[in-house]
Every structure is written in structure tokens, then in C-alpha cells.
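The chain contents come next:
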Amino acid sequence: MRGRRVVLVAVGLAVLGGGVVALRTTQNDDDTPAPAPAVVLDRFAGDGVVLPERGARPNPPTGLAVTPADHRLRVSWAAADRAAGYQVRWGAADALDHTRLVALPSVELAGLDNGVAHRVEVRAVDAFGQRSEPATTTGTPATPPDDLADVPNLVFVDRFDGPSAPDPTRWRLIDECTKAGRGGGEDSHHLVVGGSCGNRPAILRSRTPFRLADPATADGELGRLVVDTDAPGGTGVLLLDLVPGPADAVGLEAVSAYTNALPPAAELAGRAQDDDSLPPGTIRIRVGPGKDGRQGVWTLVGAGMPQLAPITEPVVPLPELGLGVSHRWQVVLRRDGVRVLVDGELVGTAPVAPQWTEATALLGFHGGQLRPAIDLVAVAGGAAQPPAQVTPPRVVVAVREQPASEAPSGQRIGGVLGAQLRLDVQPADYDHQFAPPPALSVQVGAVVLPLRPAVEGTAWTHTGIRHPMVADLPAEALVVGPDYTLAVTLLNPPPADPAAGQAVRAVHADLELIAEPAGTPKLTSPDGGTAELPAPPDTTAPSPTPVPAQLPKPSARLLDAAGQPFQAGRTLPRGRLVLEVTLSGTAGQLAGTHLAGVAGFGVRLDDAPIATVPTAVDGPGVGGQWRVAFTSQPLAAGPHTIEVRAIGVDGNYLPGFSGFLLAP
């Protein structure tokens, strides 16, 4: 193996720099072959240290299967014995000019040319970087001739393959933190959603109403929402909401609040969970981890929705969804309840039926650094069309107790009948004991209008909830500034009793302009001059920045000479100790969808190097687990620190720490 050789003895890891460098590598970029590693480690054991030995090479993967789709191939296989991860190589014809390291036995190869046969090779990689013999297959990306043939009453399909993605006539991105678009390479044939939304989901709102089919002719099925996406992906969350009103976002603002509040999905099998943070009538499908850490499917409904007789159809356990692998989710609404399918398999049921005929469909994505991709959204049910698209101004919201005395000046939006203002409102003070605010209203231009809940009957329940509210604006209120912004004042007058209410804030604002049937929207100046409306925001810009490959996450724990773990906080006796080192490829892949190659790991005891273990025998490693034995006899009594560093083949590293207390 070629590359610079690093000996981690007297100089420790000084060759890597004085601090912890960011984990960024292009070593396994899908667009280029993997280069020779820049770092090669020498095996080193300090006094009294016994290093692990490598064994036989792992067996090759079995059950290799390829599922073709539009511009991509989904590849899966059975987990191989003694495999810490896998190396996947692929290319058109017989070329193997792309390489990826993964921890899990599935991968999706995207950005491929339809109709071109691709060769795929998968090798198991053990903890020392030893490769198995390859398992090989071929696949040809292609759009299935009719991949929605089994969906009755199909009325809407978006494959995000038009000149703009997402199409602004069909979708709204909720919150300025959200970004979406197509990029190059693997992102060129699907929509990628991302942004810096913190603990909030990135949300796509459909402008096309979700309407139920006529119950008399629907043969039991009222409607269906179909989404092809690689969400939730590991620790991410996928939210599919049907809200009976003009809402942009509903429920708890902090997505993680559900994780610890919901019981494990298995405990709710066949039932719906009441959720008082949702507006009445809302049906939410949540896919993601529960408080037990396991992925599951939950059906959450606005409090008070009646539950029907239990559904007797058998369901299958939620399959391993993988990372970066697209699946087809279907939410089927029937008279006797809700069914959730993944890739055609029934994985969840709930005995609730919609009490409405029309709803707003919201797609929510949350996953830290992950960039969920969407390949298709389809709707079945009653016929519906999105309203005419008129580029809306950016809404700027201020909160005051009293209306402004002077209306703002600017240009008026002509050729429209009016607009619907959508506001998500929350209490401004999270520490204040919650109380419903007084009646809210907004001032737009010279007009003051009441705000009403987007869904009738919505109650103010507790803090941390996005309460969707709306106001119907007349055309004369639509006066915009020179940068095409609409100033909105949220009026929250102080209550007579301070304990009866509290100040509020707007966490999101949006505007839907209502075009005149035969009008041409224009900007009209006070002097009578006219101008065209600004062009819609550019939705063809590259998708959110890809997350680079990440090193496996290191951790360590101490064992006694018999291999039994010590209890946390226990003072350890002198003698032989065993350090169990783990470089978790799965944790690394969760952070970056695929792995950066590992040259090996180093161990430092009280900042002195005691061990270096190379893990790139046949090529870059993927993580694994090892046991390093050492003696504590020379150490002084008191606290000690062990540091484990995962060292990338490009010189980057990631540290993990462990501490112990040595007895006198």
C-alpha cells in the first residue's frame, strides 16, 4: 500500500496537527475512484500492551439483489459474517470507477443514466480492512412502465423532473431555513430538502388540496398519499400530515419532543394516539425512533377523533430502512381506518377515518445533517387543482400592542382579489405559565383584521406548539415596499388581567395571493405607474450542500481480565485491564450517509501513546471492534484518562474519551 507512513510512538499524533481537525474527506467521493491512502500506520504496542490479531478474511456477501428505478439502483445483500462494513464499487458497462464504503448491507446508487447497464461489486470488509472476494451483479436503471398502476383514483403526480424543482405552482417551502432543489451528480434526478432548521422539521406544503373521493364510488378507499423518499434515514423523522385547514405547519415545533413522549410503536400497534398539539381532525403519520431508540410507525390524530372497530389485517414489522435508500410510503385512507405501507408491505394500521372532505398535505423532514431526497409524490382521491400561482411578497411581521397610526406607502398589487395570510403563532415567553392569549388581529396597510385558527376548534393547549392562524386580506391592503415585502403587524393587546394572557410571536408567515380570473397581476405606484411582479424565487439552484463522508465514531470501555465490564464510577484494582475499542461505522454513516476510510486507531493513556492498530490491510477500513490488553501496575493511584482516535486515511481524526479511577 502506497502513502506516507506514520509511527505513533514518541511523537504521538503530532503529525496530524495541533488540534482536532474537521472530519471532511473526499477519499470515497462517488464521482471519483478512491485514491491511495495518504496515511499508513505502523503497528505499535507499549510496555505490557497486547494488541489484537487479525484472523481470516471475511466471507463474501450473499443474496446480492438489485432493484432498478429512475436513474438509480437500490442494492441490498445479506449481512456477512465477520464484516464490519462493506466496500461497494460500480460503473457503467464493466467499469468500476466509483467506490463507496458503508456500514449497513444496503446502498442506493443514484445519478445514473437510464437504459445503461451498470456493474456492481460488493466486498465485505472486516475490522482490519481485509476484503472478501467480491459478490457481483448488474442492473439497468429505468423508470418502471407504470409504477403507480396499483393506485386507484390517481389525480396528482409530481416526479420533480420539470424545469423548476420544487415547482412553485405546486409547493411552498415553509420557513426560511428550508432549502430544496436539484444539484449535480447523484442529486440531478431528485429533489433534495435541507436547511438549518435546528430541531424543527423542513416542510413542503402542497398547494393542491387533498380531497377525498366520493364515498359512494370509492369502493371503501377515500384517498391516498404516496411519497418516494429516503427519509427518515437512521435517527431522522418523516412526518406525513393531512390537516383539514390552510395550515403550513402543525404540532410541536421541536420534533424531538415526540421521541421521549411517545410509547414504543409496538405498544400502539393497531391504534391511533391522541395528540393534543394537533388541530382537530388532523391525521399525522410519524416514522422515526421512539424513546426505546427503535424505528417505528405511529398514527397520531387530533384529540377527540373517534376510533372505529379494530382493523384485523395482519401487519409486518417495519423493515430495516437503511441510509440513503429510497422507499415508497403510502398512507391509505379508508372508511374503516388508516393503513400505512412501505414498498407495498402493510406496516401500520389505525381505526380512524377522516371527518373532513378536504385537507392540506404537509411533508416534514428532520434528520440533523441528513439531506432527504424525494423522487415522487402522488395523490389519489377526489379531483383537485392548485390555485393560480402569483408570486407572493416576502412577509415581514412585527408584534405590537396597538395598531400603527399611519399606513405604509408603497406599490399596490393589482390584478388580485385579495390574499390569505398564514401565520404560525406561539407564546413569546416559554417560561411563563401558559395561558391563551386574548383575541389576536393583524394590521396590513391601513386595514385591521381578526386572526382565526386555520382549523376551527383548535385550542391553545401548551407552549412549544405551532398554532396555525389565517386572515383574509382585501386587495386594498396589499401595499408592498420597494423590495417586494409586505409589512404585517401582529396585534396582541395587553389583557385587563395579566394572568389571563401573554405576548405572542410569529414563527412563520406566508401569503397566498388570489388572482382575478382574467386579470394580470401588476405593481401599481401611487402616481399610476405599473410594473411586473418579481419573478418567483429561483428553485433550480443547486440542492443543499452535500454532507461529506464521515469517519466512524470512536468509543471505549474498560473490561476486567475475564472480559467483564466494570461498573461506571467504580474504582479499579491494579493488574491486567482490557480496553474494548469501538469505531462505529453505523454512527459515522448516520452523520454523512457513507463512510470515510479508516487507516486505524491510536490509544493514549494520560496523553502518552500506548497502542496503534492499523485497520487498512487491503484498503481503507470501515470501523469495527477490538480489545487491547494493558497493565495498570505502573500507574499512580487516582484518576486516569484514555483517549481513542479514529485516524482517517487522509490524516483527519476523531477522538473519543474514557476515564477511570485507579485504587491505591
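What you are looking at is a predicted structure, and each value in this text was computed from that prediction instead of being measured.

Chemist: Outline the overall build of the chain, listing residues and values.
Modeler: Within the chain, the secondary structure is distributed over 2 helices and 46 strands. For the chain, buried positions account for 54% of its 664 residues. Within the chain, residue pairs in contact and separated by at least 24 positions form 76% of the contacts whose partners lie at least 6 positions apart.

Chemist: Mind laying out the confidence of the model for the chain, listing which residues take part and the relevant values?
Modeler: Of all residues in the chain, 88% have pLDDT values of 70 or greater, and the mean over the chain is 85. Predicted confidence is poor over residues 1-36, with pLDDT under 50, and the contacts of this stretch with residues over four places away or in other chains come to 91 contacts.

Chemist: Lay out the pattern of salt bridges in plain terms, naming residues and giving numbers.
Modeler: Taken as a whole and assessed by the stated rule, the structure comprises 31 salt bridges. Note that R211 and E358 form a salt bridge whose closest N and O atoms lie 2.7 Å from each other. Within this pair, whereas R211 is found in strand β16 (residues 210-211), its partner E358 is found in strand β25 (residues 358-366), the two being separated by 147 residues in sequence. The class for E358 is partly exposed, based on a relative accessible area of 38%. Note that D336 is salt-bridged to R334, the shortest N-O span being 3.7 Å. By relative accessible area, which is 35% here, D336 ends up partly exposed. Note on R334: relative accessible area 25%, which makes it partly exposed. Residues participating in the shared-partner salt-bridge network are R172, R205, R207, D248, R422, D510 and E512.

Chemist: Got a sec to walk through the sheet that holds strand β30 (residues 441-444)? Specific residues and values, please.
Modeler: With mixed pairing, 4 strands are arranged side by side in an open sheet as β27-β35-β30-β31. The sheet is open, and its two borders are formed by β27 (394-400) and β31 (447-450), each paired with just one other strand. Within this sheet the neighbouring strands show an average axis-to-axis angle of 30°, counted without direction. The pairing of β30 with strand β35 (residues 485-491) spans 4 bridges and is antiparallel. Within β35, the residue paired with V442 across the bridge is L490.

Chemist: So what about unusual backbone geometry? Which residues, and what values?
Modeler: Between A165 and the following residue, P166, the backbone shows a cis peptide bond with an omega angle of 0°. Within the secondary structure, P166 sits in the loop between β11 (154-158) and β12 (171-174). Note that the residue after A231, namely P232, is joined by a cis bond; omega there is 10°. Checked against the element boundaries, P232 lands in the loop between β17 (221-229) and β18 (237-243). Positive phi is not limited to glycine here, since A93 has a value of about 55°.

Chemist: Kindly report on the nonpolar core, identifying the contributing residues and their values.
Modeler: Core analysis: the largest hydrophobic core is formed by 45 residues, its most contacted members being L225, L240, W329, L333, L363, I374 and V377. One finds A419, V444, V447 and L451 within the second-largest nonpolar core, a separate group that totals 31 residues.

Chemist: Help me get a handle on the packing of aromatic side chains, residues and values and all.
Modeler: Taken as a whole, this structure holds 5 aromatic pairs when the rule is applied. Consider the rings of F601 and W626, whose centres lie 4.8 Å apart with planes at 45°: the pair is tilted. Within this pair, whereas F601 is found in strand β42 (residues 598-605), its partner W626 is found in strand β44 (residues 624-631), the two being separated by 25 residues in sequence. Among the residues examined, W626 registers a relative accessible area of 3% and is labelled buried. Positioned over the ring face of W298 is R286, at 5.1 Å from the centre of the ring.

Chemist: So, the side chain of S441: which residues are in play, and what are the values?
Modeler: With respect to the element layout, S441 can be found in strand β30. Residue classification places S441 among the buried residues on the basis of a relative accessible area of 16%. If sequence neighbours within four positions are ignored, S441 has contacts with V448, L449, P450, L451, T489, L490 and L491.

Chemist: Explain the environment of G223 to me, and be specific about the residues and the numbers.
Modeler: The topology assignment puts G223 in strand β17. You can call G223 buried: its relative accessible area is 1%. The spacing of G223 and V332 is 109 residues in sequence and 6.2 Å in space, taken between C-alpha atoms. The residues touching G223, leaving out its near neighbours within four places in the chain, are F210, L212, V331, V332, L333, A380 and G381.

Chemist: With reference to specific residues and values, describe the sheet that holds strand β45 (residues 638-648).
Modeler: With respect to topology, 6 strands assemble into an open sheet ordered β3-β43-β42-β45-β46-β40, the strand pairing being mixed. Only two strands of the sheet have a single neighbouring strand rather than two, namely β3 (44-45) and β40 (571-572). Taken together, the 6 bridges between β42 and strand β43 (residues 608-614) define a ladder with antiparallel strand orientation. Each bridged residue has a counterpart across the sheet, and for G600 the counterpart in β43 is P614.

Chemist: Tell me about the pairing of strand β8 (residues 106-110), and name the residues and values.
Modeler: Counting buried residues in β8 gives 5 out of 5 residues, a clear majority hidden from the surface. The side-chain alternation of β8 yields two buried faces, one formed by S106, E108 and A110 and the other by V107 and L109. Pairing of strand β5 (residues 72-78) with β8, which is carried by 5 bridges, proceeds in the antiparallel orientation. Note that in β8 the partner of R74 across the bridge is E108.

Chemist: So what's going on with helix α2 (residues 585-592)? Which residues, and what values?
Modeler: Among the residues making up α2, those that are buried are G585, G588, Q589 and G592. Taken down its axis, α2 places every buried residue within 100° of arc, on the same side. The elements touched by buried residues of α2 are β7 (98-102), β39 (553-559) and β41 (576-584). Where α2 terminates, the next one or two residues include T593, which has phi positive at roughly 70°.

Chemist: Could you give an account of the environment of S658, naming the residues involved and the relevant values?
Modeler: Mapped onto the elements, S658 comes out in strand β46 (residues 653-662). Judged by its relative accessible area of 15%, S658 falls in the buried class. Residues S658 and L579 lie 79 residues apart in sequence; the distance between their C-alpha atoms is 9.7 Å. When near neighbours in sequence (up to four residues on either side) are disregarded, S658 contacts A556, H640, T641 and I642.

Procedures and definitions
- Residues numbered from 1 in each chain as written.
- Predicted model: local features only at pLDDT ≥ 70, side-chain atom pairs only at ≥ 80, totals over all residues.
- Heavy atoms only, no water.
- Helix = DSSP H or I, 4+ residues; strand = E, 2+ residues; numbered from the N terminus.
- Buried < 20%, exposed > 50% of the residue type's maximum accessible area, 1.4 Å probe, protein only.
- Contact = heavy atoms within 4.5 Å.
- pLDDT = per-residue confidence, 0-100.
- Salt bridge = Lys/Arg side-chain N within 4 Å of Asp/Glu carboxyl O.
- Pairing = 2+ DSSP bridges.
- Axes fitted to C-alpha atoms, helices over the stretch in contact; angles between N-to-C directions.
- Core = buried A, V, L, I, M, F, W, Y, C linked by side-chain atoms within 4.5 Å.
- Phe/Tyr/Trp six-rings, centres within 6.5 Å; stacked < 30°, edge-to-face > 60°.
- Lys NZ or Arg CZ within 6 Å of the ring centre and 35° of its normal.
- Arc of directions from axis to C-beta.

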